[in-house]
Amino acid sequence: MDLIIVESPSKAKTISKYLKGKYKVDASGGHVCDLPEKRLGVDIEHGFKPTYIVPKDKEAVIRRLASEASKAENVYLATDPDREGEAISWHLKNELKLKDGNYRIEFNEISPAAVTKALQNPRKIDENLVDAQQARRVLDRLVGYKLSPLLCKRIQTGLSAGRVQSVALRLIVDREREIQAFVPVESWNVSAELQDKEKAFSPFKAALIEKNGKKYKPAVKEEADAVVKETENRPFTVSDVKKSLAKSHAPAPFTTSTLQQDASNKFGMTSPEVMLVAQHLYEGMDTREEGHIALVTYIRTDSVRVSAEAQAKALDFISEKYGKEYVPEKPNVYKSKKDAQDAHECIRPIDLSRTPESLKNSLDKKHYNVYKLIYERFLASQMSEAQYNSVQIRLENGDYTFRATGRTLKFAGFTAVYQEVKKETENDENENAKLLPDLKTGDSPDLIRMLAEQKFSKPPQRYTDASLVKAMEEKGIGRPSTYASIISVLNKRKYVSKDGKYMVPTEVAYQITDLLVKYFTDIMDVGFTAKMEDRLDDIEEGGTDWHKIIADFYPPFAEKLVFAANDGDELTDIVCEKCGHPMIRKSGRYGKYLACSNYPQCSNIRSEGAEISATKCPKCGANMVVKSGKFGKFLACPNYPECSTVLPFESEVSEELCEKCGQPMIYRTGKYGKYLSCPKCGTNKRIADLAGKCPVCGAPAERLKSKGGKIYYRCSKFPECKFMSWDFPTGEKCPNCGKYLVKKGKTIRCSACDFAAEQESEK
């Protein structure tokens, strides 16, 4: 039996159902190889060769797939039809040790016809696609792996930077600073509420647009009041009437970015959330009527192209359901942006007979909403234009010109299926988009009242998921498949917080942006990032060697990295106590500190002005250095990191050695008094407070304190001798009964009988 390997189990389940058990279908669970997590994994000295490893959680997957591949007559790699999918197939080929051959298959939609056609047309792995993915991965690893430690050193731990992520963050920070610096400008809208003399129509508004033939809007209240005063007692006369047939063309079908924007605007979904739901619809979902089926085409695309077959089916469906007048005279064709990867179609439903209504009981609310959105947008994109009767009336009043606009729907066209989201800031003149009276030049409608409304210019709006995706797409930052992950990282790292749906940069976002802009102007430049994306795209076309792109980028980047890491360093006359070389004054996130100039041979660092104590390190013998932490001062070994011993600030080293490791013990104080502790292995030992004498074996007794704080006495040879007493033992026997005597105050008493005697005074 032939083996088909896909990425996700859900996709495998869908394809397996369509092929009716004729093929074995298994899933890799995404990437099976990647760069190592805890080291760079890129050989900078030898052509930036990446070192790929199989993560531990993928080792069992590889063993299973290798076993299945060894039994299969043919192996087909059916990972997603993009660069990432091509790279996964390439890694699978290498790890499964498949010979060169035509076993790569791809399809834009998961349908029986598409899968069958793909199996009939296998091809070799596209090395250009693989190289494009490798270049992007290596470049992002170099930038992220090198910049992130710098941020941790200069700002705070736990920070990360990214080639595209950091530019997106800069957009958010720059926008916030625009808002903070914004100064509102006052203006006034003046309008007249009018009505035809026959009162056959509802009142309508005409807005002031000109004064003496020039565009005009009052800037202050006094100007607005003057307009009202001048016009309210004079007639309004129609000077021109324009009637036209306005048309609105259907929007293009969805790409990855426009789907994220529309779903965010209409349903308040985040970009990562939209992509997760769309991925489920693409890979396949359980339905009541048909079982497990895929519902939409591939969801990572920046193309608006529609296949001829899908378009023909859509036009037939529209004609049958809505009527022939809803079918355009010529099929709608949309042009993708110039840098779009046009290998895929737009995002569309696989089968129009699967209407949103028919699946409402099978899908939860989010999946239903996104499917309905994709379905209706695609259907609308293939429909005829909406038509409106548009009227524009100009009215004169002395030196002032007013305008009224009205628009009524004549033919719904695509709007019968899909409504676009209104812009958040609409032109005030469009508020009156309704039926106007049938006025002619020279007519004078009646004035009902004059209106003056104060307005203030508004600052630019903060980014939402939708508007940030739109901005990144327009500026060429990143690619459709990365938008959601970028937004996810910004939220996860807490570089932004949410005020409703709006992104607000946190304090650390400003620090990151300012630091990177200062030292890495090109990386943080939107234009540079867009050009780099274009260069990476060129690799896919086969015209550029990916090694050259990295080689051109890395040397100047490395120079800036060194400068950024050492900017502000100052050679001092302070001598390193470890090797005798002069120390360098450096700046870190906690302020200035000293580092040995003999690095990496000597890695000694210490706080500037660090005090050398007289206390010897119990591990290596060096004089301990006084340091300050969040709990106050402490002692640290100057030979860090070779010796990482730390001690309390006022440590007293005892002569007693640890029984476990032989290191000198130090005195510590706890809730029960002083005790000895080993700074190396952590062993603790109680310090005996000798008091009295054991009456059983004659050994000294120890004075101890119980958990409740009460004093008691115990033989120092415990647990060999188990003598214990609440009273001070003298070590003497009672002359009457032979039991032991104890001291209470100045009286010696028997622990058993009534014997008592006054303690003899010391002479």
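What counts, and at which threshold
- Residues numbered from 1 in each chain as written.
- Predicted model: local features only at pLDDT ≥ 70, side-chain atom pairs only at ≥ 80, totals over all residues.
- Heavy atoms only, no water.
- Core = buried A, V, L, I, M, F, W, Y, C linked by side-chain atoms within 4.5 Å.
- Buried < 20%, exposed > 50% of the residue type's maximum accessible area, 1.4 Å probe, protein only.
- Helix = DSSP H or I, 4+ residues; strand = E, 2+ residues; numbered from the N terminus.
- Contact = heavy atoms within 4.5 Å.
- Salt bridge = Lys/Arg side-chain N within 4 Å of Asp/Glu carboxyl O.
- Arc of directions from axis to C-beta.
- Pairing = 2+ DSSP bridges.
- Axes fitted to C-alpha atoms, helices over the stretch in contact; angles between N-to-C directions.
- Parallel < 35°, antiparallel > 145°, perpendicular 65-115°, else oblique.
- Left-handed = near helix turned anticlockwise from the far one by under 90°.
- Nonpolar A, V, L, I, M, F, W, Y, C, P; charged D, E, K, R; others polar.

A. Layout of the nonpolar core. Phe107 and Leu259 are the most contacted members of the largest nonpolar core, which has 67 residues in total. Considering every element that reaches this core, the biggest residue donor is helix H12 (residues 365–381), with 9 residues. Among residues more than four places away in sequence, those in contact with Phe107 are Lys11, Ile15, Ala78, Pro81, Ala114, Val115, Ala118 and Tyr282. Among the nonpolar cores identified, the runner-up in size contains 57 residues, and Val143, Ile172, Tyr463 and Val469 belong to it.

B. The arrangement of the pattern of salt bridges in detail. Applying the stated criterion across every chain, the model contains 42 salt bridges. The closest approach of N and O atoms between Arg136 and Glu533, which form a salt bridge, is 2.7 Å. Of this pair, Arg136 sits in helix H5 (residues 127–154) while Glu533 sits in helix H16 (residues 526–540); the two residues are 397 residues apart in sequence, bridging distant segments of the chain. Taken as a pair, Arg136 and Glu533 share a single burial class, namely buried. Arg714 is paired through a salt bridge with Glu702; the nearest N and O atoms lie 3.8 Å apart. In this pair, Arg714 sits in strand S31 (residues 711–715) while Glu702 sits in strand S30 (residues 700–705), placing the two residues 12 residues apart along the sequence. Among the charged side chains, a network of salt bridges with common partners joins Arg83, Arg136, Asp140, Arg163, Arg479, Glu533, Asp534, Asp537 and Glu540.

C. Structural detail: helix H14 (residues 483–492). Of all the positions in H14, only Tyr483, Ala484, Ile486, Ile487 and Leu490 are classed as buried. End-on, the buried residues of H14 take up no more than an arc of 160 degrees, which puts them together on one face. Contacts from the buried residues of H14 go to helix H6 (165–181), helix H8 (256–267), helix H9 (271–283), helix H13 (465–475), strand S15 (496–499) and strand S16 (502–505).

D. A look at the sheet that holds strand S5 (residues 75–77). Taken in spatial order, the 3 strands make up an open sheet running S2-S1-S5, and their pairing is parallel. At either end of the open sheet lies a strand with only one pairing partner, and these are strand S2 (24–27) and S5. When strand polarity is set aside, the average angle formed by the axes of neighbouring strands in this sheet is 20 degrees. Looking at chain direction, strand S1 (residues 3–6) and S2 are connected through 4 bridges and run parallel. Within S2, the residue paired with Ile5 across the bridge is Asp26. Helix H2 (residues 56–71) contacts S1, S2 and S5 of the sheet and is inclined by roughly 165 degrees relative to S2.

E. Expanded view of the packing of H8 against H12. Between H8 and H12, whose axes approach to 11 Å, the crossing angle comes to 120 degrees. The pairing of H8 with H12 is recorded here as oblique in orientation. Where H8 crosses over H12, the two elements pack in a sense that is right-handed. The segment H8 lies against H12, with Thr258, Leu259, Asp262, Ala263, Lys266 and Phe267 engaging Asn369, Val370, Leu373, Ile374 and Arg377.

F. Molecular detail of the packing of H6 against H13. Remark: H6 packs on H13, axes separated minimally by 11 Å, with the N-to-C direction vectors making an angle of 120 degrees. Considering the relative orientation of H6 and H13, their crossing is right-handed. Residues Ala168, Leu171 and Ile172 of H6 form the contact with H13, whose participating residues are Leu468, Ala471, Met472 and Lys475. When the residues that make up the contact of H6 with H13 are grouped by side-chain class, the tally is 6 nonpolar, no polar and 1 charged.

Fair warning: the whole summary comes from geometry, so function is off the table for now.
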